[in-house]
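Structure at a glance
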Amino acid sequence: MLLQIKNLKINYKTDNRLTEVVRGIDLNINKSECVGLIGESGCGKTTVGLGLTKLIPERKGNISSGEILFEGKDILRLNPEALRNMRGKKISYVFQEPFSSMNPVFTIYEQIREALEEKNNPDSRIAEILKSVGLEKIIGKKNMYPHELSGGMQQRAMIGMAIASKPDLLILDEPTTALDVTVQRQILDLILELKNKMNLAILFISHDLRIVFNIADKIAIMYAGKIIESGPKEKIVSGPAHPYTIGLIDSIPSLEHRKKLFNAIGGKAPLFSELPRGCKFYPRCRFKIDRCAEKEPSLENVSGEHVSRCIRIKDIIKMEPQWNY
Amino acid sequence: MELLKIDNLHKTFKKHNARAVDGVSFSIFKGEILGLVGESGCGKSTLAKLMLRLIESDKGSIFYKDRDLLMISNNDMRKTRKDLQIIFQDPYASLDPRMKIGMVIEEVYDIHENVSENNRKSKTIELLETVGLGETYLNRLPSELSGGERQRVGIARALATDPEFIICDEPVSSLDISVQAQILNLLIELQRRKNLTYLFVSHDLGVIGSLCDRVIVMQSGKLVETGRCEELFKNPKYEYTKTLLKSSLL
Amino acid sequence: MNKLTLFGLGIVGFFIIVAIFAPIIAPYNPGQIDIENILTSPSSSHIFGTDSLGRDLFSRMVYGGRISLMVGFIAVGIAGLIGIALGAIAGYYGKWLDTVIMRFIDVMLCFPTFFLILAVIALLEPSIINIMAIIGATSWMGMARLMRAEILSLKERDFIYAERAIGASDLRIITKHLIPNAMAPVLVSITLGIAGAILVESGLSFLGIGVQPPTPSWGNILSEGKAVMGAGWWMMLFPGLAIFITVLGYNLLGEGIREKLLK
């Protein structure tokens with residue numbers, strides 16, 4: 001096991017008040033495994049990603065408790081120098097907006113060189129990296145600036161910078177949301193290719209189920225700061241075991257779903273300052289019973305590694321038709 | 001029955017020196033949902049704005065009820081706007097940040113004087129309820145609403161003049177999937193109930209496939225393929241359409 | 001809001017209140033001549049002392065503040081109206097209208113403002129109305145540019161297209177939707193502009209071509225003080241301090257507004 005997150009809790013400051021936004025996450029990522037973290041706006045998924053290497057600035061929030069074991073050592077207890085040696089080298093990031101993630105006044109070459117371990121004679125290594133991310137066109141063009149590239153090429157460059165140091169874990173947060181559909185496909189294929197070639201472990205954070213279902217081996221779904229379902233992709237896709245997951249899958253538009261109304265989830269996600277007492281999904285749940293509002297459920301076993309935070313799993317599985325996504 | 005006929009529309013932006021819309025022609029029939037697909041930069045948003053004269057076209061015609069909208073006076077166009085409306089993509093940019101929700105709707109009545117002054121408030125509440133909001137939203141500012149709620153306000157604003165035709169310009173692209181489904185449901189129900197005609201612009205083929213009767217595909221300012229939705233998805237003729245379909249995760 | 005800004009707000013507020021309640025605050029009639037008490041230093045009966053005609057300086061300062069404030073507000077009001085209108089038109093309509101207005105601004109900026117004002121006042125008579133008008137007519141250019149810049153970016157936002165789509169007229173769009181959303185940087189300019197206008201008026205009055213005696217103004221009191229420098233230090237100190245503190249106050253407030261808006 002490469003990364004083991006144990007009961008991670010993170011506070012975030014909104015309107016001058018600290019609220020608990022990540023309320024106890026457990027997640028494991030193995031070598032060469034792609035774990036998808038799905039959740040909608042405000043569920044805390046980006047905070048988890050940033051928190052993994054303590055990237056949350058102190059004035060915005062803090063990690064209140066938990067352990068993040070990377071290769072056996074707890075990241076949260078590392079001294080600043082050891083932490084810096086790990087960030088960008090063993091654990092790298094790729095964010096949503098490639099243009100805002102790059103420094104507009106440095107050339108692409110300069111920025112990739114910055115990410116390299118060995119900074120002398122970088123040219124051949126940079127050429128190698130550019131080739132591996134499909135940017136052969138840029139090899140040799142040392143005066144190329146970020147704004148001269150298209151969105152897709154910028155994201156390829158970002159990925160290039162992220163893998164330059166041959167990291168063990170790559171964290172991507174909505175890396176394709178800002179891109180066109182055709183480019184999106186290419187970037188996803190690139191990520192998979194790199195994963196296989198470099199034995200990369202990947203944490204892929206996104207709100208788009210379709211993408212995550214496509215690329216991940218294991219999936220975890222977040223709602224209101226906690227993981228409400230997780231397990232191997234095939235199990236979740238063929239037999240989702242939480243009302244929220246079912247609602248999300250029912251919301252996916254497609255040709256097959258023609259001209260029918262969606263079985264949409266009503267209402268909206270709760271504010272962290274106003275979480276209901278029992279199950280946090282209770283107000284919007286199709287399958288709710290009174291007992292659900294009493295206590296927040298813990299993760300129950302569905303089968304093997306497939307778990308769900310719902311007390312009605314068995315009833316749901318009996319009621320819902322089997323999915324064939 | 002043909003509601004709108006776009007004929008050889010052209011628009012070039014001098015500063016980009018590119019042909020945003022390059023000789024586009026197509027028809028829209030009453031009661032249908034026509035999908036407009038294409039990637040960013042293909043010109044679909046520009047086309048949407050050209051159709052309602054929100055940007056001036058260089059050349060071409062837009063026929064609505066036997067009149068060429070590009071030839072009528074500004075005053076006549078303003079009256080015609082009652083029948084042709086638009087919903088925008090970005091719920092955060094499509095509302096005046098300083099305007100209360102109730103005023104957003106009432107302003108429409110003020111401009112067109114289609115509702116008498118004492119009825120305006122009740123009509124506004126009625127309209128907000130139609131889109132799934134209610135009286136409690138009257139005095140709120142856009143910053144207090146979620147993306148989905150703001151989009152509902154945008155839909156209410158478009159409905160305030162009882163239009164016949166609405167351009168939906170990527171109305172759900174900025175929303176989370178669960179909210180997207182709610183808004184799509186709302187648009188579908190409204191279309192059925194009021195027999196509206198939509199031009200539905202999107203880059204998301206899943207959304208297009210689940211809603212549209214016919215589809216037109218744009219690439220680099222040109223219309224490259226047209227067809228009935230299922231036909232296009234199952235038997236795309238154009239290379240670009242095939243690429244689009246393959247890339248989408250359907 | 002940070003402390004300096006609050007301090008600035010306090011100063012501005014203080015002078016506004018003093019100006020409004022001048023008749024109640026001033027112990028004497030500012031025009032009341034008292035030959036027996038010419039140039040007396042500050043005392044319990046005249047806390048700021050008296051001037052060369054025995055008039056109570058404190059009362060004159062209080063009424064003078066009214067004048068200075070009035071000139072400041074109205075001059076900037078006129079500048080604001082011209083600047084906001086021209087900037088909005090240039091930004092919204094663009095093309096030749098924009099070019100004409102921008103070149104006009106360039107021409108206006110070529111003139112050294114203070115000398116332009118001097119020249120105009122020399123031609124007309126130095127009345128308060130003329131002063132307000134001329135300061136207003138020569139200090140609108142910065143605001144026009146700021147307004148134009150804001151509108152250029154705002155008019156491409158979806159909500160403006162939406163207004164056009166629902167049939168709003170250009171006038172409605174400009175006055176109800178664009179200008180209110182573009183006021184932020186202009187507000188800073190206005191606040192700082194009031195300080196500037198007060199300074200210009202004080203300068204003109206000091207030179208003798210601003211507010212004419214016997215109407216008190218901090219500038220002309222200062223001018224009188226210069227004439228009797230040795231014999232009446234209070235005549236230079238108090239108006240000088242008042243001008244300094246007022247301008248400081250508006251500057252602090254303006255900077256504070258700018259910081260708040262930049263966040």
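Residues numbered from 1 in each chain as written. Chains lettered and ligands numbered in written order. Predicted model: local features only at pLDDT ≥ 70, side-chain atom pairs only at ≥ 80, totals over all residues.

Another aspect to go through is the overall build of chain C. The secondary structure content of chain C amounts to 11 helices and 0 strands. Across chain C, helices and strands are ordered from the amino to the carboxyl terminus as α-α-α-α-α-α-α-α-α-α-α. Taking the principal axes of its C-alpha atoms as reference, chain C extends roughly 75 × 45 × 25 Å. (Helix = DSSP H or I, 4+ residues; strand = E, 2+ residues; numbered from the N terminus.)

Take the overall build of chain A next. Along its length, chain A carries 11 helices and 12 strands. Here the C-alpha atoms of chain A give a radius of gyration of 21 Å, agreeing with the 20 Å that 2.2 N^0.38 yields for 325 residues. For the C-alpha atoms alone, the extent of chain A along its principal axes is close to 65 × 50 × 40 Å. Contacts in chain A between residues far apart in sequence, at least 24 positions, make up 65% of those at least 6 positions apart. (Rg over C-alpha atoms; globule rule 2.2 N^0.38 Å. Contact = placed C-beta atoms within 7 Å.)

All right, on to the interface of chain B and chain A then. Every contact between the two is made by 26 residues of chain B and, on the other side, 27 residues of chain A. For the side of chain B that touches chain A, the secondary structure elements donating two or more residues are α6 (177-194), α7 (205-211), α8 (229-234) and α9 (239-247) of chain B. Sorting elements by how many residues they give to the side of chain B that touches chain A places α6(B) first, with 8 residues. Looking at the side of chain B that touches chain A residue by residue, the classes come out as 9 nonpolar, 14 polar and 3 charged. (Nonpolar A, V, L, I, M, F, W, Y, C, P; charged D, E, K, R; others polar.)

With that settled, the discussion passes to the interface of chain C and chain B. Each partner contributes to the interface: chain C provides 13 residues, whereas chain B provides 19 residues. Every element with two or more residues in the side of chain C that touches chain B is listed here: α8 (158-165) and α9 (170-207) of chain C. Element by element, the count of residues in the side of chain C that touches chain B is highest for α8(C), at 6 residues.

Let's shift gears to the nonpolar core. Formed by 164 residues in total, the largest nonpolar core has its most connected members in Ile202(A), Phe204(A) and Phe200(B). Setting aside chain neighbours within four positions, we find Ile202(A) in contact with Cys34(A), Val35(A), Leu170(A), Leu172(A), Ile191(A) and Lys195(A). Counting 62 residues, the second largest nonpolar core, distinct from the first, contains Tyr63(C), Met141(C), Trp218(C) and Leu252(C). (Core = buried A, V, L, I, M, F, W, Y, C linked by C-beta atoms within 7 Å. Buried ≥ 20, exposed ≤ 12 C-beta atoms within 10 Å, placed from the backbone.)

Our focus in this paragraph is the pairing of strand β8 (residues 197-202) of chain B. Residues and elements named next belong to chain B. For β8, a buried count of 6 out of 6 residues is recorded, marking the element as mostly surrounded by other parts of the structure. Residues of β8 alternate between two faces, with Thr197, Leu199 and Val201 on one and Tyr198, Phe200 and Ser202 on the opposite face, all of them buried. Here strand β3 (residues 33-37) runs beside β8; their pairing, made up of 5 bridges, is parallel. Along β8, the bridge assignment pairs Leu36 with Val201. Two elements, strand β7 (residues 165-169) and β8, share 5 bridges in a ladder whose sense is parallel. Counterpart to Phe165 in the pairing with β8 is Thr197. (Pairing = 2+ DSSP bridges.)

Below, the discussion takes up the pairing of strand β3 (residues 34-38) of chain A. A regular strand places its side chains on the two faces of the sheet in alternate fashion. Residues and elements named next belong to chain A. Most of β3 is tucked away, with 5 of its 5 residues classed as buried. Judged from the 5 bridges that link them, β3 and strand β8 (residues 201-206) form a sheet pairing that is parallel. If you follow Cys34 over to β8, its bridge partner there is Ile202. Sheet analysis places β3 next to strand β9 (residues 218-223), joined by 4 bridges and oriented parallel. Looking across to β9, one finds that Gly36 is bridged to Ile219.

Residues and elements named next belong to chain A. Spatially, 8 strands are ordered β6-β7-β8-β3-β9-β10-β12-β11 in an open sheet, and the strand pairing comes out mixed. Looking along the sheet, the strands with just one partner apiece sit at the ends: β6 (91-94) and β11 (300-303). Recorded for the sheet is a direction-independent mean angle of 20 degrees between the axes of neighbouring strands. On top of the sheet, helix α6 (residues 151-163) reaches β6 and β7 (169-173); it is set at about 170 degrees to β6, its chief contact. (Axes fitted to C-alpha atoms, helices over the stretch in contact; angles between N-to-C directions.)

What follows covers the domain arrangement of chain A. Residue and element names in this part refer to chain A. In terms of domains, chain A is made up of domain 1 (3-223) and domain 2 (241-319). Put simply, the middle of domain 1 and the middle of domain 2, counted by C-alpha atoms, are 29 Å apart. Of all elements in the fold, only β2 (17-29), α8 (209-215) and β9 reach the threshold of two or more residues within the side of domain 1 that touches domain 2. Among the elements that line the side of domain 1 that touches domain 2, the one with the most residues is β2, at 3 residues. Partitioned by chemical class, the residues of the side of domain 1 that touches domain 2 number 5 nonpolar, 2 polar and 3 charged. (Domains from an automatic or database assignment.)

Turning our attention to the arrangement of the chains. In this assembly, 2 pairs of chains are in contact, and the pair contributing the most contacts is chains A and B. The two units chain A and chain C never meet; even their closest C-alpha atoms stay 14 Å apart.

This paragraph deals with unusual backbone geometry. Cis geometry is adopted by the peptide bond preceding Pro214(C), which originates at Pro213(C) and carries an omega value of 5 degrees. Phi at Ala224(A) takes a positive value of approximately 50 degrees, unusual for a residue other than glycine. Inspection of the secondary structure assignment puts Ala224(A) in the loop between β9 and β10 (226-232).

Turning to α9(C), a few remarks are in order. The first and last C-alpha atoms of α9(C) sit only 46 Å apart over 38 residues, clearly below the 56 Å expected at 1.5 Å per residue. A bend of about 55 degrees at Ala184(C) is the largest found in α9(C), and the proline Pro185(C) appears one to four places after it. (Expected span 1.5 Å × (residues − 1). Bend = angle between axes of the 7 residues up to and from the residue.)

Residues and elements named next belong to chain C. Inspection of the secondary structure assignment puts Arg66 in helix α3 (residues 57-93). Given 22 C-beta atoms within a 10 Å radius, Arg66 is considered buried. Distance in space between the C-alpha atoms of Arg66 and Glu201 is 12 Å, their sequence separation being 135 residues. Ignoring sequence-local partners within four residues, the contact set of Arg66 consists of Ala19 and Ala22.

Before going further, it helps to examine the sheet that holds strand β9 (residues 214-219) of chain B. All names here are of chain B. Spatial ordering of the open sheet is given by β6-β7-β8-β3-β9-β10, a layout of 6 strands whose pairing is mixed. Edge positions in the open sheet fall to β6 (84-87) and β10 (222-228), since each of these has one partner strand only. Across the sheet, the mean angle from the axis of one strand to that of its neighbour is 20 degrees, orientation sign disregarded. Note that β3 and β9 share 4 bridges and pair parallel. Bridge assignment links Leu34 to a residue of β9, and that residue is Arg214.

A separate point is the environment of His257(A). Residue and element names in this part refer to chain A. Topologically, His257 is positioned in the loop between α10 (243-250) and β11. Take His257: there are 18 C-beta atoms within 10 Å of it, and that puts it in the partly exposed class. Sequence spacing of His257 and Gly44 is 213 residues, and the spatial spacing of their C-alpha atoms is 30 Å.

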